[in-house]
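This is what each chain is made of:
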Protein chains: 2
Amino acid sequence: MTTRIAHAGLAARRMSAEQAAGLILPGMTVGMSGFTGAGYPKAVPLALATRIAAAHERGDKFALRILTGASTAPELDGALARVGGIDFRLPYQSDPELRARINAGQIEYMDIHLGQVAQYAWCGFLGKIDVALIEVAGILPDGRLLPSTSVGNNKTWLDLADKVILEVNRRQPEGLDGMHDIYYGTALPPHRKPIPLLQPGDRIGEPYLRCDLDKVIAVVESDAPDRLGRFAPPDEASRRIAGHLVEFFHHEIAAGRLGDQLLPLQSGVGNIANAVLGGLREGGFRGLTAFTEVIQDGMLELIGDGTIEMASATSLSLSPEGVEEFVRRIDFYRQHIVLRPQEMSNHAELVRRLGCIAMNGMVEADLYGNVNSTHVAGSRIINGIGGSGDFARNGFLSCFMSPSTAKDGAISALVPMVSHVDHTEHDVGLVVTEQGLADLRGLSPKQRARAVIAQCAHPDYRPMLQDYFDRACRDSYGKHTPHLLNEALSWHQRYLDSGSMR
Amino acid sequence: MTTRIAHAGLAARRMSAEQAAGLILPGMTVGMSGFTGAGYPKAVPLALATRIAAAHERGDKFALRILTGASTAPELDGALARVGGIDFRLPYQSDPELRARINAGQIEYMDIHLGQVAQYAWCGFLGKIDVALIEVAGILPDGRLLPSTSVGNNKTWLDLADKVILEVNRRQPEGLDGMHDIYYGTALPPHRKPIPLLQPGDRIGEPYLRCDLDKVIAVVESDAPDRLGRFAPPDEASRRIAGHLVEFFHHEIAAGRLGDQLLPLQSGVGNIANAVLGGLREGGFRGLTAFTEVIQDGMLELIGDGTIEMASATSLSLSPEGVEEFVRRIDFYRQHIVLRPQEMSNHAELVRRLGCIAMNGMVEADLYGNVNSTHVAGSRIINGIGGSGDFARNGFLSCFMSPSTAKDGAISALVPMVSHVDHTEHDVGLVVTEQGLADLRGLSPKQRARAVIAQCAHPDYRPMLQDYFDRACRDSYGKHTPHLLNEALSWHQRYLDSGSMR
Ligand SMILES: CC(C)(COP(=O)(O)OP(=O)(O)OC[C@H]1O[C@@H](n2cnc3c(N)ncnc32)[C@H](O)[C@@H]1OP(=O)(O)O)[C@@H](O)C(=O)NCCC(=O)NCCS
Ligand SMILES: CC(C)(COP(=O)(O)OP(=O)(O)OC[C@H]1O[C@@H](n2cnc3c(N)ncnc32)[C@H](O)[C@@H]1OP(=O)(O)O)[C@@H](O)C(=O)NCCC(=O)NCCS
């Protein structure tokens, strides 16, 4: 019995990753841990990939339905996709191999709001869950589980699955103990009660995951770090986007619409989000809070220096250097971080009550403030909507950010009509590019179009957008949201045909 | 002092509608009562229209920003639009004159989720509100206000406006007294608390509206009914849509995903919604609940005969016959109806907690489950999104319904790509036409497309949709959401060019 597996009965169920993988059968639905590259199982998926490849070698069918918290890593999504072991996947992914197969039409992928996965599973909308495969940082003497670097949908998979396989990863810091808050007060309607959370740092649950021990069919030991890269230092465009947003916040404070400590921040994944966080520190903010999904290096630094006083999330997604810093001062960070199930970190009730400021990246926005977060040319998925909709719809303010061009200027991120809509005109408050910030609150569609063209468009594309808008205002069937339908998507088609929207 | 104006100080501020209209000045923002044709002010807007017409006659500029609960009636939106008295309007409208001017580009209209208007106003996103013009059914001796047939945003306008004009309509039933529940526990973030509502019928507030009496600059007496027509009896298509939905509910009950009493129903406006309600009665349901915006004749009948045990709404939108029945048994109905501010009837927290079943009409849906509720050919607004997004995003299940064709078959309601998105692929659970019901829960985009084509499309358009889908699966840039961008909107363009999508 290792110290990480302190329950005798479960210690007796230890086996190799290969043996555990043998318990997962073709056609099963497997609910796995993992959220933005943190806390995913590291041993069994690789063994499973080998087992699936062997089955295919023999001419047998073998593919699984894989549900997770969010994105995982090459050892999970990459390995399983490569051997053709996934036939259905939800809710969020960012692995290049998996993405390529989804876009080749080989894997069915369902893109779902991260805050709604748990309730959909509970309501039976996602079918039966055969196995939960969950990484934990340890097992207590009474069988409760010390969660790992992400919580994601682990509570839900453990509760709903017929069988459970645990990966106990001794590489995850034991000092995570006490950082989690697993709320066990959820219910299905009509039995739901208010969720008693009033501030981002409130603890309303328990530090451990419960598990019906009779369901545990395997315990596998692992010893591997979360695999995450370091962010590039913010580039010029990101710094300018951050600058516009920080200036906007100061303006709102001056107008009395925000207090000095703003409101709980939600910050998406990626370089721009990281730059915005840096901008907040330089902007002189102190004592902020975050109610978000992921704590990345940039946010850890802000917690470390007091810019952010309290951060709630479902995942700690840190680079190797970030992990080092985190472990070094873990007793400090435990006072300032709460890790929750994603059902709570992204819950409509809590996002609305707390009044989150949602800051997310986008692929493109259109004249009228519709936002595409997921598709290139309306058809090729990038990562998925993630939690952006949970926050954009129900929060206090929703900001979408992108450089004004992509692919060295061949693509304008501001287009006549987006090729896919993830956030409708009704849900977008600010659009920000390095060119400037368009404040769309309280504006009609045509007023929004003027703001987007003037503030956000790149000078190379501004006259083209203005020309489209002018002609649409003249010739459109209706003048509420002026459009020329046979041109609306022509910029995207031109890019596909010629490699440039120009 | 009439019995309807029992406060001496306010009785002294009585004046004619013309005098009161004289207190509203050019450029002002006026927050008015009114929700789906119920409880709108009936005297002052007409006087205001006369005053505005006279000003224009003299060559003076005179236009207003008009905010309401939802749609009103010809005496308000129609009259003011006709004289060019509105330059900005939100959040929902359905008046033909107003719509024509919005679509001609003469009036700026902002289409906003009905459940978010109040918080946006409070947060300062909609600018200063100069005057609240509110219909009430009476004024109590202590100055509190007996609300009329709708509550809408009245609490918010009364609280926020600089000045208040009250219309006391003696035609509205005094028996409304005790039917309203005005919750005064809202706050701006970071001071928000859980809303203590657990069941649709819970009363968590007060039966009357509070009003700072110092702000009241005029009290006008009126005597006119809400102007609402009667529904046509359900046509064949509506009855078949209702039949598919009722069959689905029975199927879900059998599968254990819904109980015999379903979950609180939200039912949109219009004939199809009405037919569905009728279908529920015929389907043998009893003791249901509703947590919805509007109680129309169809729902009143269901309350009257016990099919619906308890209904929460923000508006009573009844035909003259409906009003007669309502008044005749008002003491009965008061036990089964609660009228709330629309901030509560449509609140994300409550819709999520209660697990509403959202049933709304749509203009069109596409292969991948995106829904357009508002625009014809992407540019011409019909009514607005209303509360459909509040319920579709946060409820238990979201159903969108439409006949499979419009305009005598010249238009298919199922298209390759919708020309405007109000509800994204992430928010649409069921699509129902008279042809059948597509259950999109848990499906990837391509799986959804197959269901929509097979279940919902009209036979005349089914081969065309299948052909588009097949070619898109072959030739699309990405195969996740297969699209041919230069064809995606061609059906709409063909309709504009030739009068038919065929
Ligand atoms: C939208 C999103 C992909 C942007 O990511 P990012 O890291 O800020 O931006 P990048 O510039 O690296 O863009 C990612 C890719 O999209 C491409 N891209 C960006 N804008 C594009 C556009 N308008 N058209 C086509 N491609 C575009 C980039 O070129 C890049 O492609 P590459 O990997 O081939 O170089 C990212 O924010 C996202 O996944 N959002 C949705 C989920 C979300 O909001 N999560 C937050 C809560 S979970
Ligand atoms: C979508 C909506 C307009 C449908 O209304 P309805 O009364 O069920 O349907 P109708 O068949 O009368 O359609 C209304 C109009 O749209 C037209 N229409 C319907 N489908 C159409 C389509 N696919 N393309 C073009 N026009 C279409 C109809 O022809 C009709 O036009 P007309 O008045 O010129 O005859 C209505 O449900 C709505 O306003 N929804 C959005 C708001 C909402 O959901 N509210 C509920 C909560 S507040």
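Conventions used here
- Position labels on residues start from 1 in each chain and follow its written sequence.
- For this description, chains carry letters from A and ligands carry numbers from 1, given in the order in which they are written.
- Residues qualify for local features only when their pLDDT is at least 70, as the model is predicted, and side-chain atom pairs are given and counted only at 80 or more; totals for whole chains, interfaces and linings, by contrast, use all residues.
- In computing side-chain values, all of the structure's heavy atoms are included and hydrogens and water are not.
- UniProt positions are given in the numbering used here, feature names are shortened, and annotations may be inferred rather than shown by experiment.
- In DSSP terms, a helix is any run of H or I states spanning at least four residues, a strand is any run of E spanning at least two, and both are numbered starting from the N terminus.
- Least squares is the method used to superpose the copies, on C-alpha atoms of residues holding a pLDDT of at least 70 in both.
- Any two residues having at least one pair of non-hydrogen atoms within 4.5 Å are treated as being in contact.
- We call a residue near a molecule or strand as soon as one heavy atom of that residue lies within 4 Å of the molecule or strand.
- Polar contact criterion, stated in full: a pair of N or O atoms within 3.5 Å, where within protein one must be able to donate a hydrogen and the other to accept it, and residues adjacent in sequence count only if both atoms are side-chain atoms.
- Using a 1.4 Å probe, the Shrake-Rupley method yields the accessible areas, and only the shown protein chains count as cover for residues.
- Following the grouping adopted for this structure description, the nonpolar residues are Ala, Val, Leu, Ile, Met, Phe, Trp, Tyr, Cys and Pro, the charged ones are Asp, Glu, Lys and Arg, and the polar ones are all others, Gly among them.
- Accessible surface is computed with a 1.4 Å probe, and the buried area is the amount of it that two parts give up when combined, taken over both parts together.
- Any carboxyl oxygen of Asp or Glu within 4 Å of a side-chain nitrogen of Lys or Arg constitutes a salt bridge here.
- Only protein chains enter the calculation, and the probe is 1.4 Å; a residue is then buried if its accessible area is under 20% of its type maximum, exposed if over 50%, and partly exposed in between.
- If DSSP finds at least two bridges between two strands, the strands pair.
- Stacked, tilted and edge-to-face are the three classes assigned to paired rings of Phe, Tyr and Trp, where Trp is represented by its six-membered ring and a pair needs centres within 6.5 Å; plane angles under 30 degrees give stacked, over 60 edge-to-face, the rest tilted.
- Here, over-ring charges are defined by two tests on the NZ atom of lysine or the CZ atom of arginine: distance to the ring centre within 6 Å, and angle to the ring normal within 35 degrees.

### Let's talk about the UniProt feature "domain: Acetyl-CoA hydrolase/transferase C-terminal" (unreviewed entry) in chain A
When the UniProt feature table is mapped onto this chain numbering, "domain: Acetyl-CoA hydrolase/transferase C-terminal" (unreviewed entry) sits at residues 322-468 of chain A. Helix makes up 32% of residues 322-468 of chain A and strand 24%, whereas the separation of the span's terminal C-alpha atoms amounts to 47 Å.

### With respect to the relation of the copies chain A and chain B
Each copy of the sequence occupies a distinct position, and chain A is placed on chain B by a rotation of 180° and an axial shift of 0.0 Å, giving an RMSD of 0.0 Å. Here the symmetry operator amounts to a two-fold rotation axis. Within chain A, the C-alpha atom positioned nearest to the axis of rotation is that of A:Glu349, 2.1 Å from it. Interface residue correspondence from chain A to chain B reaches 100%, placing this contact among same-surface, isologous pairings.

### Examining the site of ligand 2
Residues and elements named next belong to chain B. Glu293, Val363, Asn383, Gly384 and Lys407 are the nearest of the 20 residues found near ligand 2. Residue Asn383 places a side-chain N or O atom 2.8 Å away from an oxygen atom belonging to ligand 2. Residue Lys407 places a side-chain N or O atom 3.0 Å away from an oxygen atom belonging to ligand 2. In the complex, 73% of the free accessible area of ligand 2, which totals 950 Å², lies under the protein chains. Among the residues forming the shell around ligand 2, the class breakdown is 8 nonpolar, 10 polar and 2 charged.

### Topic: the interface of chain A and chain B
Contacts between chain A and chain B engage 81 residues on the former and 82 residues on the latter. Around 7,400 Å² of area is buried between chain A and chain B when both sides are counted, 55% of it from carbon and sulfur atoms. Looking at the side of chain A facing chain B, the largest losses of area belong to A:Arg352, A:Arg393 and A:Tyr477, adding up to 12% of the total buried there. Scanning the region where chain A abuts chain B turns up 4 salt bridges. The partner of A:Lys446 in a salt bridge is B:Glu108, and the shortest N-O contact between them spans 3.8 Å. Of all the secondary-structure elements, those providing two or more residues to the side of chain A that touches chain B are α5 (96-103), β4 (108-109), α14 (348-354), β18 (375-376), β19 (380-381), α15 (388-394), α16 (445-455) and α18 (490-498) of chain A. Among the residues making up the side of chain A that touches chain B, the classes are represented as 31 nonpolar, 32 polar and 18 charged.

### So, the pairing of strand β8 (residues 216-222) of chain A
Residue and element names in this part refer to chain A. Buried residues dominate β8, accounting for 5 of its 7 residues. Bridge analysis of strand β7 (residues 163-169) against β8 gives 6 bridges, and the strand direction is parallel. For Val164, the partnering residue across the bridge sits in β8 and is Val216.

### Re the packing of aromatic side chains
Within this structure, the stated rule accounts for 14 aromatic pairs over all chains. Ring geometry for B:Tyr461 against B:Trp491: centres 6.0 Å apart, planes inclined by 35°, an arrangement best described as tilted. Of this pair, B:Tyr461 sits in the loop between α16 (445-455) and α17 (462-475) while B:Trp491 is found in helix α18 (residues 490-498), placing the two residues 30 residues apart along the sequence. For B:Tyr461, a relative accessible area of 0% corresponds to the buried category. Judged by relative accessible area, which is 4%, B:Trp491 ranks as buried. Among the aromatic residues, ring-to-ring pairing joins A:Tyr120, A:Phe125 and B:Phe396 into one connected group. Over the face of the ring belonging to B:Phe125 we find A:Arg441, whose NZ or CZ atom lies 4.4 Å from the ring centre. In this arrangement the basic side chain of B:Lys42 is found over the ring face of B:Tyr40, its NZ or CZ atom lying 4.1 Å from the centre.

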